[in-house]
Amino acid sequence: MDTSSPTATSPAIADHGLIGDLHTAALVATDGTIDWFCPPRFDAPSVFGALLDPDRGGYCGIRPAGTEYVTKQLYLPDTAVLITRFLAEDGVGEVVDFMPPRPRTPARGTGNQIVRMVRCVRGRMQFEVDIVPRFDYGRRPHRVELTDSGAVFRAGDDALTVYAVREADDERLAEVDRAGGDLHVRLALAAGQTRGVVLEWGAGTPREIRPQEIDLLHAACVAFWRAWLTRCTYRGRWREMVQRSAITLKLMTYAPTGGLVAAPTAALPEQVGGERNWDYRYTWVRDASFSVRALLGLGFTDEAAALGRWLRDRVVERDKDRPGSPLDIMYRVDGSSGLVEESLDHWSGYRGSRPVRIGNGAAQQLQLDIYGEALDSIYAADRAGLPIGHAGWVALTEVLGWLAENWDQPEEGIWETRGGRQDFTYGRAMSWVAFDRAIRLATELGRPAPLDTWARARDAIYEQVLERGWNAKRAAFVQHYATDVLDSSLLRVASLGFVAPQDPMWLSTLDAMRAELVTDSLVYRYDPAASPDGLRGSEGTFSLCTFNWVEALARAGRLEEARLTLEKMLTYANHLGLFSEEIAVTGEQIGNFPQAFTHLALIEAVLILDAALDNPAEYGLGPNAPATAGGAAGRPPAAVRR
């Protein structure tokens, strides 16, 4: 291991942990380097971005100096407090990283904080602390103002303040070397000593912070996460993985609006060296909808309600005069739209993967599936005691009026392809879900609605999908009407009630997918070579699709295969239980990290598989199964079943 400088190339995507304060998040590599941090919120420009350019991105590194060492990384159990340990010949040290959770409306004059506690556990150790900010993705120069108690980095109106953590009588414990606009500190510690730094976004007045004060912040952060996690109702076979996924999703939630970002990162490649590098720091309607069901299934009703309000606000606040689809497929975390995609041409990209994209040009694509996902989550929330109000219902009926007139047209589809619009089968099936759930809501709640119009649209979609989305030669439902290519997005249609999970047509579709899209336990979205998507290069298997495969197998009664597939898939998690978007042929995690969609799918798959293993008769399995094929698995759920 090179201990003289930070890693010359970006570390593996999986070699990171995530910390956050419910407004933004930071990635901490296993070598103790924070190489991704975008304050004051997820979709803001980075101040540390070495993950995408080690030379020009900026970082904050802490590591042992002048010795060889081995690193280990773990979370303090049941929390988002990250510990990076260094095992060297002279001793054992660790860096404890956390961000104090921020309320929905922070106090004026306070900014995002990263607390970095540096400890010597055994022996003696000398640490190097490098603070190398690069504001606005490295596009804005800065200056540094150094005091005896810390420093302030300034770039125009933006600033990053550094507070020194130390005792009053050890001013000479640290040696400071100011190089240009950066700060390099050498810190010698003996066993039992704790020092460190606190980084705060904004221009503060540097002051000394005593270790005891940091201990109190640490205790408060631990108490917050452990109290939050006690609300989780899941007690099944895979409790540790589910709880870590829940904490990860919470870390990716923007507290002021309840919006959930797809991932806290941008431009991490789906193929290293390729061009499939997208910005995921926004809230997708689809992800938010899935989140409602998953969070309800775990007992997190407050978070589900917040996401439900976020969805309602997008429906109510839509621009009625705007032509085209009434909803964008994604929004900024504050709910605003109008995302613009651009490239950071001055950055080299993750291991040479260019372009480095920020913003997202797919925001206004036509993706019809989002309406079904939104209605399904609204229906699930209603059945869980979170009803839709009058204003929301009126806006919803207007959106459904648009969908009734526009469902039968080509679209870009769930995967945001850039190769032209098609009649995607999944989009049609999800449009069926939209009308089905709307009819159920109107009927059960006694709300005014054009039920005849909705029923005609629902039935027409169903007949069209069975006629044109089913390929008799393949004995499977296919990606779109003009191809015989398979698509794993369709794995969800049985769970949503469009087809019974043990219908022979569905079982043969699963068999076809196993032969074409499944490699061991891993599942591809589709075959880009057979169905061009307008982009060069290939991609790995999609972790979301693999967990959807587990759920589909469980609902179909193939429990042994489902369980083995899940156990194999869990081996691809990183050392902390986190998943990126995809898995490469080598088993390496690729794509944005960690990905909310993947952890949501993990939760849903585990909840369904656990329930099927515990109560097989309820899922149409075994001698006491219900007469209707599919049993409980074929019904539209009020929430993900526990």
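Refer to the structure presented above.
Now for a quick tour of the structure. Position numbers for residues start from 1 in each chain and track the written sequence from start to end. Only residues with pLDDT of at least 70 are given local features in this predicted model, and only at 80 or more are side-chain atom pairs given and counted; all residues enter the totals for whole chains, interfaces and linings. The side-chain quantities take in all heavy atoms of the structure and omit both hydrogens and water.

Another aspect to go through is the side chain of Asn471. What counts as a helix is a DSSP run of H or I of at least four residues, what counts as a strand is a run of E of at least two, and both are numbered from the N terminus. The residue Asn471 is located in strand S21 (residues 470–471) in this model. Burial here depends on accessible area, computed with a 1.4 Å probe over protein chains only, as a share of the maximum for the residue type. Under 20% is buried, over 50% is exposed, and the range in between is partly exposed. The exposure class of Asn471 is buried, given its relative accessible area of 17%. Polar side-chain contacts of Asn471 include one of 3.0 Å to the backbone nitrogen of Lys473. Distance and chemistry together define a polar contact, namely a pair of N or O atoms within 3.5 Å, with one atom able to donate a hydrogen and the other to accept it when in protein, and with adjacent residues in sequence counting only for side-chain atoms on both sides. At 2.8 Å, the side chain of Asn471 and the backbone nitrogen of Arg474 are in polar contact. Leaving out residues up to four positions away in the same chain, Asn471 has contacts with Ala476, Val478, Thr483 and Asp484. Residue contacts are counted whenever heavy atoms from the two residues lie within 4.5 Å of one another.

Mapped onto the fold, Gln367 is located in the loop between strand S20 (357–358) and helix H6 (369–383). Gln367 sits in the buried class, given a relative accessible area of 1%. At a separation of 2.4 Å, a polar atom in the side chain of Gln367 contacts the side chain of Arg286. Setting aside residues no more than four positions away along its own chain, Gln367 makes contact with Arg286, Ile329, Glu411, Gly413, Ile414 and Glu416.

Whether two aromatic rings pair depends on their centres lying within 6.5 Å, for rings of Phe, Tyr and Trp, where Trp uses its six-membered ring; planes under 30 degrees apart make the pair stacked, over 60 edge-to-face, and the rest tilted. Summed over the entire model, instances satisfying the criterion amount to 18 aromatic pairs. Arranged with centres 5.0 Å apart and planes meeting at 40 degrees, the rings of Phe290 and Phe597 form a pair that is tilted. Here Phe290, found in helix H4 (residues 285–298), pairs with Phe597, found in helix H13 (residues 596–614); they are 307 residues apart in sequence, far enough to count as distant. Of the residues examined, Phe290 reaches a relative accessible area of 4% and is grouped as buried. Pairing Tyr371 with Trp402 gives two aromatic rings, centres 5.5 Å apart and planes at 40 degrees, and the pair type is tilted. One end of the pair, Tyr371, is in helix H6; the other, Trp402, is in helix H7 (residues 390–406), with 31 residues separating them in the sequence. The structure contains a cluster of three or more aromatic residues connected by ring pairs, namely Phe224, Trp225, Trp228 and Phe300.

Fair warning: the whole summary comes from geometry, so function is off the table for now.
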